[in-house]
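For reference, the chains in residue letters:
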Amino acid sequence: MTAAAPTGGQYHLRHAGPDGVVEAVVTEVAAGIRELRVAGFDLTEPFGVDQAPPGADGIVLVPWPNRVAGGRWELDGAVQQLDVSEPKYGNASHGLLRFAPYRTVTQTESSIEQEATIHPQHGWPFTLETRVHHELVDDGIRVTHTITNRSVVQAPFAVGAHPYLRAGDTPAEDLVVTLDAATAFSTNEQKVPDGSFDVTGTDSDLRAGRRAGDSDLDTAYTDIAADEHGVRRTTLHGPEGDGVELWQDESFPYVQVFTSRTFPRGDGTGLAVAVEPMTAPANALNSGEGLRWLEPDETWTGTWGIRRVWS
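Residues numbered from 1 in each chain as written. Predicted model: local features only at pLDDT ≥ 70, side-chain atom pairs only at ≥ 80, totals over all residues. Heavy atoms only, no water.

A. Region of the structure containing unusual backbone geometry. Pro63 follows Val62 through a cis peptide bond whose omega is 10°. Within the element layout of this structure, Pro63 appears in the loop between strand E5 (60-61) and strand E6 (67-68). Its identity as a non-glycine residue notwithstanding, Asp76 has a phi of 50°, on the positive side. By the element assignment, Asp76 lies in the loop between strand E7 (72-75) and strand E8 (78-81). Backbone geometry places Asn283, a non-glycine residue, at a positive phi of 65°. Residue Asn283 is classed as buried on the basis of its relative accessible area, which comes to 12%. (Helix = DSSP H or I, 4+ residues; strand = E, 2+ residues; numbered from the N terminus. Buried < 20%, exposed > 50% of the residue type's maximum accessible area, 1.4 Å probe, protein only.)

Right, dumping it as structure tokens:
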């Protein structure tokens, strides 16, 4: 008997762009990106079809990204207790669809739309219909999220994604991370925000670029500079200038940058850099920051993407 892939069905996408073929593998479980490359140049950290996503590599985070402190939050004066999915810190982490399969709605050679329903469960008395549309474009991928409230009352949500970016064969240590963000969040021993600070003069300041190998980040940012279209950008580039960019529209005003030193590599572990677009920071169900509330049958849409950049 052939063992099933931990990430379920594998959807291979292909697009012939002017600078070479764009390829991706999107997974059934968590609607994740398992591979993404342009003309053989990897834009994300790939992982094997026989692996679960290491460090949540590539997955969708909904109805909240990051952490909910203690898995507890309050709704109309009543304490809601989510399942604790991060025992190390005692939190509920990365939403409710991390291990859930998505259904295919439509698929073409270069795109796929998937959907999954979040049903009421421990600490979550709402029904949300979620969709994720992955579409290859000339220089990378465009990802559109749609959330519809199918409850009879208002429902809260936040959404994010967890790609680890890569710039071809450049070692992660040598990548320079650049993000024009003025404010970052401090965290407590549970990795939950307990305040914010101006990054000027700190090791969290990425505005002039910072070498990943010299960084120790698990940091959420806001007050991110945007272009005339409201787009915010985080770039990683190697010594020769070639690199990768994650962009996010105005619906995603927060981004988490995480330098993991325990990412699986060969027979051991090494550095990898996650750049996570988010509509709200960690613990939004408690703080309310960035949290959105949808009326019954109301729909929200937001978009982000990953693209190759050249020197």
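There is more to say after this.
B. Local environment of the pairing of strand E22 (residues 232-237). The sheet contact formed by strand E17 (residues 176-179) and E22 spans four bridges and is antiparallel. Residue pairing in the sheet places Leu179 in a bridge with Thr234 of E22. Note that E22 and strand E23 (residues 243-248) share six bridges and pair antiparallel. Paired with Arg232 across the bridge in E23 is Gln248. (Pairing = 2+ DSSP bridges.)

C. Summary view of the environment of Gln81. Counting through the fold element by element, Gln81 comes out in strand E8. Separated by 64 residues in the primary sequence, Gln81 and His145 place their C-alpha atoms 26 Å from one another. With sequence-adjacent residues up to four places away left out, Gln81 is seen in contact with Gly70, Gly71, Arg72, His122 and Gly123. At a separation of 3.1 Å, a polar atom in the side chain of Gln81 contacts the main-chain carbonyl oxygen of Gly70. At 3.4 Å, the side chain of Gln81 and the backbone oxygen of Gly71 are in polar contact. (Contact = heavy atoms within 4.5 Å. Polar contact = N/O pair within 3.5 Å; in protein donor to acceptor, adjacent residues only side chain to side chain.)

D. Summary view of the side chain of Ser260. Along the chain, Ser260 turns up in strand E24 (residues 254-265). With a relative accessible area of 4%, Ser260 lands in the buried category. A distance of 3.3 Å separates a polar side-chain atom of Ser260 from the backbone nitrogen of Thr262. When sequence neighbours within four positions are dropped, the list of residues in contact with Ser260 reads Tyr164, Gly270, Leu271 and Ala272.

E. Molecular detail of the sheet that holds strand E4 (residues 41-42). In space, the four strands of this open sheet follow the order E1-E2-E3-E4, with antiparallel pairing throughout. Unpaired on one side and paired on the other, strand E1 (10-17) and E4 mark the two borders of the sheet. As paired strands, E1 and strand E2 (residues 20-27) are joined by eight bridges and run antiparallel to one another. Counterpart to Leu13 in the pairing with E2 is Ala24.

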